[in-house]
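So the chains spell out like this:
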Amino acid sequence: MPWFSFRSASSRHKELLDPDTGTGTPRTDTPKDAAKEAKESSKESRKKTLKKGERENLEKPKDLQFYTQLAHGGSTKRINTFLSLKDLYSKLAIELEIDIRKIMFCTLNTPKIDMRHLLSGLVVYNDFIFVHIQGQARQVQIKKEEKALGITITDNSMGCCFVKRIKPGSVAEKSGHIHVGDQLCKLGDVSLVGCRHYAVAAKLRDVPVGGMLDLLLVEPKQGFDSNLCPRRAPAIPSTVSSDSLQDGKATVRIKSDGSVQDAVTCSWLEAAKLKVDDLLEAYMGIRDLELACTLLETSDDNTTKEEFSAEINELLGEFGFPEDFIEGVWTVIEEEREKAAAKN
């Protein structure tokens, strides 16, 4: 696997000296250790260049509140600002009195299984969060008659992969066994719980054409959602100004790794996501906005193309992205960042 280091080979050999005797034994850092140390040093350097107020804004989450309810029915609860997706799920589980492992995904302002309203990107102050939990499990068998099954898979960054879209006329649609919102739990004897969506997609691709897909699926629990209308939380209090909503200060973005940041700091991502999706189609023959987001967010802690390339190969090496593709993604990142900086 490729790696990148800011240090020369000779500088990786150091002495661990005893302060009293001045003697010691040589230490040899691995290339990965060297790259990691250089990366951490670069991150600390960038952090020190920020003004004190800017650091505080990055480190302190906005004091926001959100209303929530189980999608299949239940009482309305309220949660405070969350620091990550795991923190959000923990607060939802506590308030709604459910097992956190049963949470599949959340939709905004509607209890229906509508992936257009999936909680996966921006969350505005007055969004109402509906929580979809595991329902009935079922075992299905589907013959893979074509190379592509025809489903788009995403995950909740907490170990649950589920079906986001089904392509009309595809093998999946014709089978009638797979539905939007279904969690993919097992493929044969292989557990898919805890896998990211791209890893599950790769396992499905590995099944040869003509082979059988033996899948354990779990559907979201459903109740009287057909009688519920899309809703929002109560009106925004006077302490939250309309300017805060417009500039993103009362909005948070949930990244694909589960971390959270103010939307105002990542406005360039939306434009870049579509361009990277075009690159995925051109180089890899696939379209996957979730994967595009993952690629872009990997750049957050990298300042050079070499760092970015090394991390992509480490995290997503199974895709075998060509260097030209990675270079194209980095070019998109730099261009969109520059545009965003110019606007600010």
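Just so you know, these numbers come straight off a predicted model, no measurement behind them. (Residues numbered from 1 in each chain as written. Predicted model: local features only at pLDDT ≥ 70, side-chain atom pairs only at ≥ 80, totals over all residues. Heavy atoms only, no water.)

(A) Region of interest: the overall build of the protein chain. Helix and strand counts for the protein chain stand at ten helices and 14 strands. Residues classed as buried in the protein chain amount to 42% of the 344 residues present. Taking as baseline every contact in the protein chain between residues at least 6 positions apart, the subset at least 24 positions apart corresponds to 61%. (Helix = DSSP H or I, 4+ residues; strand = E, 2+ residues; numbered from the N terminus. Buried < 20%, exposed > 50% of the residue type's maximum accessible area, 1.4 Å probe, protein only. Contact = heavy atoms within 4.5 Å.)

(B) A look at the environment of Val 207. If you trace the backbone, Val 207 turns up in the loop between helix H5 (197-206) and strand E12 (212-220). Apart from residues lying up to four places away in sequence, Val 207 is in contact with Lys 144, Leu 187, Met 212 and Leu 213.

(C) Local environment of the pattern of salt bridges. Evaluated as defined, the whole model comprises eight salt bridges. With its nearest N and O atoms 3.5 Å apart, the salt bridge here joins Glu 219 to Arg 138. One end of the pair, Glu 219, is in strand E12; the other, Arg 138, is in strand E7 (residues 128-143), with 81 residues separating them in the sequence. In this structure Glu 219 comes out as partly exposed when scored by relative accessible area, which is 29%. Each of Arg 138, Asp 182 and Glu 219 takes part in a single network of salt bridges with overlapping partners. (Salt bridge = Lys/Arg side-chain N within 4 Å of Asp/Glu carboxyl O.)

(D) Representation of the packing of helix H7 (residues 268-284) against helix H8 (residues 289-297). One way to put it is that H7 packs onto H8 with a least axis distance of 8 Å and a crossing angle of 115°. Pair H7 / H8 crosses with right-handed handedness. Two secondary-structure elements touch here, H7 through Trp 268, Leu 269, Ala 272, Lys 273, Leu 274, Val 276, Asp 277 and Leu 280 and H8 through Leu 289, Leu 291, Ala 292, Cys 293, Leu 295 and Leu 296. (Axes fitted to C-alpha atoms, helices over the stretch in contact; angles between N-to-C directions. Left-handed = near helix turned anticlockwise from the far one by under 90°.)

(E) Quick look at unusual backbone geometry. Within the chain, Asn 109 stands out as a residue other than glycine whose phi angle is a positive 70°. With respect to the helices and strands, Asn 109 occurs in the loop between strand E5 (103-108) and strand E6 (122-124). For Asn 109, a relative accessible area of 12% puts it in the buried group. Despite not being glycine, Ser 157 shows a phi value in the positive range, around 65°. Structurally, Ser 157 is set in the loop between strand E8 (151-155) and strand E9 (161-166).

(F) Fine view of H5. Residues His 197, Tyr 198, Val 200, Ala 202 and Leu 204 constitute the buried set of H5. The secondary structure elements touched by the buried residues of H5 are E8, E9, strand E10 (183-187), E12 and H8.

(G) Expanded view of helix H3 (residues 85-96). Between its first and last C-alpha, H3 extends 16 Å over twelve residues, near the 16 Å set by a 1.5 Å rise per residue. Inspection of H3 places Leu 85, Leu 88, Tyr 89, Leu 92, Ala 93 and Leu 96 among the buried residues, and these make up the whole buried set. Each buried residue of H3 lies within a common arc of 130° when the element is viewed along its axis, so the set occupies one face. Among the exposed residues of H3, those oriented more than 90 degrees off its buried face are Lys 86 and Ile 94. Just beyond H3, the residue with positive phi is Glu 97, at close to 55°. (Expected span 1.5 Å × (residues − 1). Arc of directions from axis to C-beta.)

(H) Inspection of the pairing of E10 at higher detail. Burial of E10 is extensive: four of the five residues sit out of reach of the surface. Looking at chain direction, E10 and E12 are connected through four bridges and run antiparallel. Looking at E12, one finds that Gln 183 is bridged to Val 218. Of the strand pairs in this sheet, E10 and strand E11 (residues 190-191) are connected by two bridges, and their pairing is antiparallel. (Pairing = 2+ DSSP bridges.)

(I) Spatial organisation of the side chain of Asn 156. Looking at where Asn 156 falls in the secondary structure, it is placed in the loop between E8 and E9. At a separation of 3.0 Å, a polar atom in the side chain of Asn 156 contacts the main-chain carbonyl oxygen of Met 104. If near-sequence neighbours (up to four positions away) are discounted, Asn 156 is found in contact with Leu 85, Tyr 89, Ile 103, Met 104 and Phe 162. (Polar contact = N/O pair within 3.5 Å; in protein donor to acceptor, adjacent residues only side chain to side chain.)

(J) Representation of the packing of aromatic side chains in the model. The tally for this structure, following the rule as stated, stands at four aromatic pairs. Considering the side-chain rings of Phe 321 and Phe 325, the 4.8 Å spacing of their centres and the 25° angle between planes classify their relative orientation as stacked. Look at Phe 321 and you get buried, because its relative accessible area is 7%. (Phe/Tyr/Trp six-rings, centres within 6.5 Å; stacked < 30°, edge-to-face > 60°.)

(K) Representation of the pairing of E7. The sheet contact formed by strand E3 (residues 65-70) and E7 spans four bridges and is parallel. If you follow Leu 70 over to E7, its bridge partner there is Val 131. Bridge count between E5 and E7: five bridges; the pairing is antiparallel. Bridging from a neighbouring strand, Cys 106 pairs with Val 131 of E7. Alignment of E7 against E12, held across eight bridges, turns out to be antiparallel. Bridged to Gln 134 within E12 is Pro 220.

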